[in-house]
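Below, each chain spelled out in residue letters.
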Amino acid sequence: GETVDAETVRLSWNKAEEADGYQLQYYNPNQGRYVITKRIEDNSVLTIERTELAIGTEYQYRIRPFVVEDGKSVYGPFSEPVIVKTGSTLVKPVLTAKPYNYTTNKLSWTEVPGATSYQIQKYNFAKKKWVLLKTVKTTSTSNTYLNCNTTYKYRVRAVAKLNGKNVFSKYSDAKLAKTKGSRIGVVKDGPLNVRTGPGAGYKKLIQVKKGRQLTITGSTAKWYRIKIKVNGKFRVGYVSKQYVKIK
């Protein structure tokens, strides 16, 4: 047997010329006995991969040939047991980052054998450090409520459990994704308060009338971030999404 990766081992054996096939058994430590894991009805098949195994874990197998006589299987002797261990190192994922719209980037990466989850980090340019964006069990996710026409940097690593503790792959190479340009929204009910932050508790910056066009530069779950001129100077403000229609 040989290790393929963190969740896969490969088993091989010599050909039994008169056999019709082989029966592969795995030792189940919880049951304290061997159990049938695969019946191979082709004596020319001399290798098999066992997948979706636990990371860094030893597995014990044995195999025996069989012939079919009068519709019944007659088995030969078992091979000597072989112990093979899955790998304990997770491979580095390959990340792809692309803009989806003006406030969302789409992220995807290659599946890592043995991984149970993935940690995605986003670089904080202001603080000059990486911060955790989210942990997911899939191989894709979205980063939403971003600013328009803005570049973001991401990286991802795989996570698995080994002896009750988390083990990690190396981080992927960092990737950049730039959200698409600003959008125009129209006030559909006014007058509408423009506030200094994304919430009704923030200070009122200015009021705008129904039909006013607004330059939207970002969003949160319930508020649009806008660029608006106040007293001759451009300011950042926020308006409730329910009162604005995107053109």
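The shown structure was predicted, so the numbers you read here are calculated from the model rather than taken from an experiment.

Caption draft 1: Structural detail: the overall build of the protein chain. Along the backbone of the protein chain there are zero helices and 23 strands. Computed over its C-alpha atoms, the radius of gyration of the protein chain comes to 29 Å, more than 25% above the 18 Å expected for a compact globule of 247 residues. With 247 residues in all, the protein chain has 37% of them scored as buried. Contacts in the protein chain between residues far apart in sequence, at least 24 positions, make up 59% of those at least 6 positions apart.

Caption draft 2: Quick peek at the pattern of salt bridges. Overall, the coordinates contain four salt bridges when judged by the stated rule. A salt bridge links R10 to E2, with the nearest nitrogen and oxygen atoms 3.2 Å apart. Here E49 makes a salt bridge to R10, at a shortest N to O gap of 2.6 Å. Taken together, the residues E49 in strand β5 (residues 47-50) and R10 in strand β2 (residues 8-12) connect sequence positions 39 residues apart. Note on R10: relative accessible area 27%, which makes it partly exposed.

Caption draft 3: View of the sheet that holds strand β1 (residues 2-5). In spatial order, the strands read β1-β2-β5; together these three strands make up an open sheet with antiparallel pairing. The strands lining the two open edges of the sheet, one partner per strand, are β1 and β5. Strand-to-strand twist of the sheet, defined as the mean angle between neighbouring strand axes without regard to direction, takes the value 30 degrees. The pairing of β2 with β5 spans four bridges and is classified as antiparallel. Paired with R10 across the two strands is E49, which belongs to β5.

Caption draft 4: Representation of the packing of aromatic side chains. If you walk through the whole model with that rule in mind, you get eight aromatic pairs. Centroid distance W109 to Y118: 5.6 Å. Interplanar angle 55 degrees. Geometry classified as tilted. Residue W109 is classed as buried on the basis of its relative accessible area of 6%. For Y118, a relative accessible area of 3% corresponds to the buried category. With centroids separated by 5.3 Å and ring planes inclined at 70 degrees, the aromatic side chains of Y123 and W130 adopt a geometry described as edge-to-face. Each member of the aromatic cluster is reached from another via a ring pair, and the members are Y26, Y59 and Y61. Between the NZ or CZ atom of R155 and the centre of the ring of Y171, over which it lies, the distance is 3.8 Å. Seen from the ring of F168, R157 lies directly overhead, with NZ or CZ sitting 3.9 Å from the centre.

Caption draft 5: Highlighting the sheet that holds strand β9 (residues 95-99). If you walk across this open sheet you meet the three strands as β9-β10-β13, and the pairing is antiparallel. At either margin of the open sheet sits one strand with a lone partner, and together these are β9 and β13 (140-143). Each neighbouring strand pair of the sheet contributes to a mean axis angle of 20 degrees, computed without reference to strand direction. Two elements, β9 and strand β10 (residues 105-109), share five bridges in a ladder whose sense is antiparallel. By the bridge assignment for β10, L95 is matched with W109.

Caption draft 6: Examining the nonpolar core more closely. One finds I55, L90, L107, W109, Y118 and Y154 to be the most contacted residues of the largest nonpolar core, which totals 20 residues. For this core, the secondary-structure elements that each account for two or more residues are β9, β10, β11 (117-124) and β14 (151-162). When residues of this core are assigned to their parent elements, the largest contribution, six residues, is made by β14. In this structure L90 touches A6, I55, V112, P113, G114, A115, A158, V159, A160, V167, F168 and S169, once residues within four positions along its chain are discounted.

Caption draft 7: Just the pairing of strand β12 (residues 129-136), in detail. Sheet analysis places β11 next to β12, joined by seven bridges and oriented antiparallel. Each residue of the ladder has a partner; that of Q119, found in β12, is T135. Hairpin geometry of β11 and β12 is characterised by an intervening segment of four residues between the two adjacent antiparallel strands and by a positive phi of about 55 degrees at K128.

Caption draft 8: Seen up close, the pairing of strand β4 (residues 33-40). In this structure, strand β3 (residues 21-28) lies alongside β4, joined through seven bridges in antiparallel fashion. Note on β4: the bridge partner recorded for Q23 is R39.

What counts and what doesn't
- Residues numbered from 1 in each chain as written.
- Predicted model: local features only at pLDDT ≥ 70, side-chain atom pairs only at ≥ 80, totals over all residues.
- Heavy atoms only, no water.
- Helix = DSSP H or I, 4+ residues; strand = E, 2+ residues; numbered from the N terminus.
- Rg over C-alpha atoms; globule rule 2.2 N^0.38 Å.
- Buried < 20%, exposed > 50% of the residue type's maximum accessible area, 1.4 Å probe, protein only.
- Contact = heavy atoms within 4.5 Å.
- Salt bridge = Lys/Arg side-chain N within 4 Å of Asp/Glu carboxyl O.
- Pairing = 2+ DSSP bridges.
- Axes fitted to C-alpha atoms, helices over the stretch in contact; angles between N-to-C directions.
- Phe/Tyr/Trp six-rings, centres within 6.5 Å; stacked < 30°, edge-to-face > 60°.
- Lys NZ or Arg CZ within 6 Å of the ring centre and 35° of its normal.
- Core = buried A, V, L, I, M, F, W, Y, C linked by side-chain atoms within 4.5 Å.

Functional significance is not addressed by these values, which are geometric in nature.
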